[in-house]
Amino acid sequence: MLAEAREAPSAVARQLAENDQAYSDFGALLRSKPPGSVLTVARGSSDHAAHFMAYLIMARMGRLVTSLPMSLITLYQSQIQCDGLAAMAFSQSGQSPDLVAPMRYFSDGGACTAAFVNDPESPLAKAAQWVFPLHAGAETSVAATKSFITQMVAGARTVAAWQDDLVLQAALSALPGVLSRAAHADWTPAVDALAHADKLFVIGRGTGLPVALEAALKFKETCAIQAEAFSGAEVKHGPMALIDEGYPLLIFAPRGPAQAGLLALADEMRARGAKVLLAAPGGTPHANLPIVETASIELDPISVVQSFYPMVEALARARGFDPDKPKFLAKVTRTQ
């Protein structure tokens, strides 16, 4: 897991060196025939990456994006209307039947379909009209790392191509160097603070929320910590009742419109006596987990998760677990 997490910058560089024309053509198609609705099709970590792209689309273009409950197709046989629909699937293996079946349904129904997948010869890739390989290389760790990061990059590339945004494209081109630094950022305070934790809230908001969702999954998967992810706004409701003296919180506060509220939340929880781990750019008061800034505020969550992965791998080992052999899990999950 650690080796593959630290390979992510190279994987991103490989991806950025390939498929420029395909992304450009796809973006031109989306501009010339704007979809009336957009669906993402994904599970697990891939769904979190799809959520990142969805947030960028909604924030930048004002187009609503829905994450498809796959059972609508696979179990309920719903006849979803395909006219004017764009369906975008994210997967590492491209093997799960409950991803393949909806994409085949949408393609056959006349929707615009695209697959962002590490295996371009997979059943999912063959079910889609457009295929965008992740170029992550072989990923044998059960816990996805570099494939998740390359999925986030692929989603951002899609948005940049759709808007023909040269500024975002330039920021993407600078990512490999930034991620190389982020992969070695010192997040050891989190290992020390969570070595004996049995529960945890992971907080993010906006484009940072998908990373909080991914982090909570990895805490469960590799460290056996009952971690829950919440928006910085949502946690102020029912979940707030659980937070008392010593309760651990990991708050992701990268740059952007959500940062001020997240920093205020960190201060409030610290005053309550919670054990607050704050990931924020250097120089932020009380930040103990440094975020390496990218060339675009919108890409900072990618840097955040690049720093998170080595930390959670080290935490798993500190807790006596082998992060490369999580209990009851397999690399490829096939659900109906």
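Before reading on, note that the structure itself is shown above.
Reference entry: report on the structure contained in this document. (Residues numbered from 1 in each chain as written. Predicted model: local features only at pLDDT ≥ 70, side-chain atom pairs only at ≥ 80, totals over all residues. Heavy atoms only, no water.)

Details of the overall build of the protein
Reasoning step 1: When helices and strands are counted, the protein shows 14 helices and 10 strands.
Reasoning step 2: Its C-alpha radius of gyration of 19 Å places the protein within 12% of the 20 Å reference for a compact globule of 336 residues.
Reasoning step 3: The principal-axis extents of the C-alpha atoms in the protein amount to approximately 55 × 45 × 40 Å.
Reasoning step 4: Counting across all 336 residues of the protein, residues that qualify as buried make up 55%.
Reasoning step 5: A separation threshold of at least 6 residues defines the contact pool for the protein, and within that pool the share at least 24 residues apart is 76%.
Reasoning step 6: Summed over all atoms, the accessible surface of the protein reaches about 13400 Å², with 53% contributed by carbon and sulfur. (Helix = DSSP H or I, 4+ residues; strand = E, 2+ residues; numbered from the N terminus. Rg over C-alpha atoms; globule rule 2.2 N^0.38 Å. Buried < 20%, exposed > 50% of the residue type's maximum accessible area, 1.4 Å probe, protein only. Contact = heavy atoms within 4.5 Å. Areas by Shrake-Rupley, 256 points an atom, 1.4 Å probe, with all protein chains shown as cover.)

Observations regarding a nonpolar patch on the surface
Reasoning step 1: Among the surface-exposed residues, L72, L75 and Y76 lie close enough to one another that they form a single nonpolar patch of about 340 Å² accessible area.
Reasoning step 2: Tracing the chain through its elements places Y76 in the loop between α5 (71-74) and β3 (85-91). (Patch = residues over 30% accessible without salt bridge, like charges linked within 9 Å, V, L, I, M, F, W, Y side chains within 5 Å. Salt bridge = Lys/Arg side-chain N within 4 Å of Asp/Glu carboxyl O.)

Let's talk about unusual backbone geometry
Reasoning step 1: Of note, D164 is a non-glycine position whose phi angle comes to about 50 degrees, a positive value.
Reasoning step 2: By the element assignment, D164 lies in the loop between α8 (146-163) and α9 (166-173).
Reasoning step 3: The phi angle at A224 is positive, at roughly 55 degrees, despite the residue not being glycine.
Reasoning step 4: Take A224: its relative accessible area is 46%, and that puts it in the partly exposed class.

Focus on the sheet that holds strand β8 (residues 248-252)
Reasoning step 1: Taken in spatial order, the 5 strands of this open sheet run β7-β6-β8-β9-β10, and their pairing is parallel. One side of each edge strand has no neighbouring strand; the edge strands of this open sheet are β7 (226-231) and β10 (289-291). Each strand of the sheet is rotated relative to its neighbour by a mean of 20 degrees, with strand direction disregarded.
Reasoning step 2: By the bridge criterion, 3 bridges tie strand β9 (residues 275-281) to β10 in an arrangement that is parallel. When the bridges of β10 are listed, A280 appears paired with P290.
Reasoning step 3: Sheet contacts for helix α13 (residues 259-272): β6 (199-204), β8 and β9; angle to β9, the most-contacted strand, approximately 155 degrees. (Pairing = 2+ DSSP bridges. Axes fitted to C-alpha atoms, helices over the stretch in contact; angles between N-to-C directions.)

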